[in-house]
Amino acid sequence: MIPELGQVALIGALLIALIMGTLPLIGASSGNQRLMKIGQTGAIAQFLLILTSFVILTWAFIVQDFSVEYVARNSNYQLPMQYRFSAVWGSHEGSLLLWELILCMWTFAVALFSKNLPDDFRARTLAVLGWVSAGFLLFVIFTSNPFGRLIPQAADGLDLNPLLQDPGLIIHPPMLYMGYVGFSVSFAFAVAALLGQQVTRDWVRWSRPWTHVAWAFLTLGIALGSWWAYYELGWGGWWFWDPVENASFMPWIVGTALIHSQAVTEKRGTFRNWTLILAITTFSLCLLGTFLVRSGVLTSVHAFASDPTRGVFILTYLAVVVGGSLLLFAIRAPAMVQGSNFAGVSRETLLLINNLLLVVMAAMVLTGTLYPLLLDALDAGKISVGPPYFGTLFALLLVPIAVLLPLGFYSRWQEDSLGRLLRELLVPGIAALIGGLATAFLLPKAGSWGIAGVAGAFWIMTSCLRYYRQRVSAGRGRRPSRGETGMILAHFGVGLFLIGASLTNAVSSEKHLRMVAGDSFELAGYNFVFEGTRGVRGPNYVADEGEFIVYKAGKRVTSLYPQKRRYANGQVMTEAALDPGLTRDLYVGLGEALNDQGTAWAVRLYHKPFIRFIWIGALLMMAGGFLAATDRRYRRSVTARSENPVADANLAEATA
Amino acid sequence: MIGRLLPVIIFLALGILLAVGLKIADHKTEIPSPLIGKQMPEFTLPVLGQPEVMVAHDELIGTPFLLNVWASWCVTCRVEHPVIEELAKSGLIRVVGLNYRDEEADAQAWLARFGNPYELNIADISGRTAIDFGVYAAPESFLVDPNGTIVFKQIGAVTPEIIKEEIVPRVMEWRRAP
Amino acid sequence: MTPTRKRRLIAVLLILAGVGVASTIAFYSLQQNMLYFQSPSELAQQPIPPGRQFRLGGLVKPGSVQREGESLTTHFVVTDGPEEVTVEYVGTLPDLFREGQGVIARGALEESGMFAASEVLAKHDENYMPPEVADALKESGHVSMQSKDEG
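Residues numbered from 1 in each chain as written. Chains lettered and ligands numbered in written order. Predicted model: local features only at pLDDT ≥ 70, side-chain atom pairs only at ≥ 80, totals over all residues.

Visitor: For this particular structure, what's the right way to read the packing of helix α2 (residues 33–62) of chain A against helix α6 (residues 119–143) of chain A?
Guide: Working note: a packed helix pair is described by the angle between its axes plus the distance between those axes. All names here are of chain A. The contact between α2 and α6 brings their axes to 9 Å, and the two run at 45 degrees. One way to sum up the angle between α2 and α6 is to call them oblique. Considering how the two elements wind past one another, α2 and α6 form a crossing that is left-handed. Mapping the contact onto sequence places Gln33, Met36, Gly39, Gln40, Gly42, Ala43 and Gln46 in α2 and Asp119, Asp120, Arg122, Ala123, Leu126, Ala127, Gly130 and Ser133 in α6. The residue inventory of the contact of α2 with α6, partitioned by class, reads five nonpolar, seven polar and three charged. (Axes fitted to C-alpha atoms, helices over the stretch in contact; angles between N-to-C directions. Helix = DSSP H or I, 4+ residues; strand = E, 2+ residues; numbered from the N terminus. Parallel < 35°, antiparallel > 145°, perpendicular 65-115°, else oblique. Left-handed = near helix turned anticlockwise from the far one by under 90°. Contact = placed C-beta atoms within 7 Å. Nonpolar A, V, L, I, M, F, W, Y, C, P; charged D, E, K, R; others polar.)

Visitor: Would you take a moment to explain the domain arrangement of chain B for this structure?
Guide: How big an interface is tends to be stated in terms of accessible area lost as the parts join. On domain assignment, one finds that chain B holds domain 1 (1–30) and domain 2 (31–176). For domain 1 of chain B and domain 2 of chain B, the distance between their C-alpha centres works out to 37 Å. (Domains from an automatic or database assignment.)

Visitor: Got a minute to help me understand unusual backbone geometry in this structure?
Guide: Keep in mind that most residues, glycine aside, have a negative phi and that most peptide bonds are trans. Residue and element names in this part refer to chain A. Even without a glycine there, the phi angle at Ala553 is positive, about 50 degrees. One can find Ala553 in the loop between β5 (541–552) and β6 (555–560). Residue classification places Ala553 among the exposed residues on the basis of 8 C-beta atoms within 10 Å. The phi torsion at Phe610 lies on the positive side, around 65 degrees, for a residue other than glycine. Looking at the secondary structure, you find Phe610 in the loop between β11 (600–609) and α18 (611–629). Assessed through the 26 C-beta atoms surrounding it within 10 Å, Phe610 is described here as buried. (Buried ≥ 20, exposed ≤ 12 C-beta atoms within 10 Å, placed from the backbone.)

Visitor: Just to check I follow, could you spell out the confidence of the model for chain A for this structure?
Guide: A low pLDDT score tells you not to read the predicted coordinates there in detail. Residues and elements named next belong to chain A. With 92% of its residues at a pLDDT of at least 70, chain A reaches an overall mean of 87. No element of chain A has a lower mean pLDDT than helix α19 (residues 645–655), which averages 49, and none a higher one than α18, which averages 96. A low-confidence stretch, residues 638–643 (pLDDT under 50), is modelled with four contacts involving residues beyond four sequence positions or located in other chains. (pLDDT = per-residue confidence, 0-100.)

Visitor: What's the story with the sheet that holds β11(A) in this structure? I'm lost.
Guide: Whenever strands of a sheet pair, they do so through backbone hydrogen bonds, lying parallel or antiparallel. All names here are of chain A. The antiparallel open sheet is built from four strands, whose spatial order is β2-β11-β10-β9. At either margin of the open sheet sits one strand with a lone partner, and together these are β2 (509–516) and β9 (577–579). In this sheet, neighbouring strand axes are inclined to one another by 20 degrees on average, regardless of whether the strands run parallel or antiparallel. With eight bridges joining them, strand β10 (residues 584–593) and β11 adopt antiparallel strand pairing. Bridge assignment links Asp585 to a residue of β11, and that residue is Lys608. (Pairing = 2+ DSSP bridges.)

Visitor: Honestly, α6(A) in this entry has me stumped. Any pointers?
Guide: Owing to its 3.6 residues per turn, the α-helix aligns residues three or four sequence positions apart on the same side. Along its 25 residues, α6(A) runs 36 Å from first to last C-alpha, staying within 8% of the 36 Å computed at 1.5 Å per residue. Counting buried residues in α6(A) gives 20 out of 25 residues, a clear majority hidden from the surface. (Expected span 1.5 Å × (residues − 1).)

Visitor: Teacher, can you tell me more about the pairing of strand β5 (residues 120–124) of chain B here?
Guide: Looking down a regular strand, the side chains alternate between one sheet face and the other. Residue and element names in this part refer to chain B. For β5, the tally of buried residues reaches four of five residues, placing the bulk of the element in the interior. Direction of pairing for strand β4 (residues 94–100) relative to β5: parallel, over a ladder of five bridges. The residue bridging Val96 from the neighbouring strand is Leu120, located in β5. Of the crossover connections in this fold, the one passing from β4 over helix α3 (residues 104–114) to the parallel β5 is right-handed. (Right-handed = clockwise from strand over helix to strand, strands pointing away.)

See below:
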């Protein structure tokens, strides 16, 4: 009976979303306060209903109600309690409910924290979010209902895919969705601004913290996914340019461009159309990503089960949401601002180049991801696009971005001199040279990309530190704001990431070999000694566990215990053993037993230097994003005095 | 003005591509069936529950049938089963079951519990015949014409839409032909 | 032409040039890194010359998996019903790899007609359940989903 209540709650939320989508819009254009307020009440009501629905599904998992088909497919009696929670989003239907829950959370947050917004703008924003939610709920209720019953009830469930029985997978989807769905807020802000013809500087200022937070979560979500794939899939890789990964990376790239574009619009009043388009595009890519991984249009080793019916639904949803907003942009976008010229050498130019480079990068990833589909549609064969395409182009585009990044810090708005910039960058330049030379001598395996990457990273990180020090001792009596500190922190993270990404693949060592107890192998100065295997038991699996002792220069470094698990549903899983370290990871995976007695094993040994830099860099980016969102100026009310009359004049003139 | 319309135009082009992709995805699989248009593979398999009674593939030629690959351990088969039952009850076409890599006791119990709409059930315990059909997993179904040629393969559960779009038209055509 | 217009023109030209270069590099890279996908039957109809990398997909023929002694070399046959191809792979096989299951191997044909794989992937679709479920469930003494009835 209770699961049916969950379904009722979904339908109730749909009705509220539809009301939320229409009445406040009418209220906003007619100035009717009561109608506008419906946006906020609707947001609260919707959130409560969806939360109820989600809690009911979770409860069904906790008490292991196998009369609910979704529970039966994704859980069984032996599943440990913590994974019963994460099993809720273990496959398609539940993950969509999570998506919807997070959308309602963001909508609720907008309703709560938007006291400083004008009523009509806030009403329109909530209305747009209501439409987004309504479409999604239609999709869930009609094609992906998690509350369907299985009659007669199953005696026991199938089990959660063992790949998902892992701490990383408890938080990766929620964090990813927080980012993914979070961009719906900047989208809603953009559409609301277009609807009400209020593309003002204030609009951007309100938008920014929401965008920062969404971006930070998305960064975290992607980093978690990469880290999880690294230790769970057991092959030493951290990014595969798989369509599912690309689906989350494209919004991130465009979201980064959005953040930078918003900075220009807020400070200078220009780039408004860029900001609008980027806000719409970022969320569109989020929806596109959802479509790609669930519709069966692309096959991927990681994709959800494909279902063309669902695909049609999402595509229609996509067409309405994205097509509609782009049309709105075409009709209502504000005219170009006159008199906002900036010189060839200026911060504006650099950020414009930044926007272009990032958009090209996203377009490149999109092309590579969709090219197989295009060829298939043209009946030109079934192909897949290999990682070198993505990797090479990504690296090529990263070069100009990395080079220009510090110039962005130091450059002045509107007009600057190249000579002055280069003088500022002398010290970072020297640091880059030192970094590059050090790499060339100490890590000969790094190759030209490795050397370039480290040089670029030193270039960036030194600029960040130097800039921060200059701002701190600026003597103007003002410390750098949180926005600035956040920005510096995030860019420093980019540098760290660059070191990890450039070096780790080139400098890693890997060996697949056959080992029996007593064998040892020397890899990159570490001696791996295999002590044999023994059988172990887990809550819902049995496993062969190997013991490896690692020595360096005769001294014992660590013991590693990789496992080969066999789960209740028959699935076999490799649990690699890791010795993480700041400068290097040691990694051992068991392949398969090479004889029936289980005394000889296929073993994979890895030495992976600098790989943690990748995720630490990403975490710093995330931290910078969160920090910047808490900047005090975002909490100022609408009527506060402007601090940038030039920008205001520009915008006032254009929207007149 | 064109500049402003550019995003919409790009999106439209993208949308068309994706829509076409979906149409393909409908009947697409990473590994298309090479058996369409060919004679069904040769086999001789025992009847489920009567291991001494063997059925050869050519005994099935003459009247069209739907070969439904199922097993008691297959969850989706359970979800598909009512559709198969409806199909059999309608009398449109006979349904032959291929019990795939299953234990006889389990298969019989499953049929007793959920109903047996099959005119005939043959047991492929090792799964080798299924491999000849290119079967990846259960459920999969093959539509075989009166001459024993495979004309359609469904990967995954048979749905009412599939019956309407793929099975009914073909059966009607066969009935019209003398 | 006013300085502003001239600057804008230069900017537009630079952007066009940049996009042009990027597109060319991208297209070239795409062509270089495209991997065609063939099933054994498709391969029989449209043979691919030895040495050219592509992806071969099909089912692992039961009884065909043979390991060379205790080395890391494995031979197996990929089939899609009518046609089959023998594959040689050196390395550890993925966890989901087993007989009767779907597999995709990346590599190239050798002169001998054997497919030398550099990478083997096994696919798992959440709607399908591997047949091994029932076996393993019984092995571990676990109750199977359908065979046990409560009244």
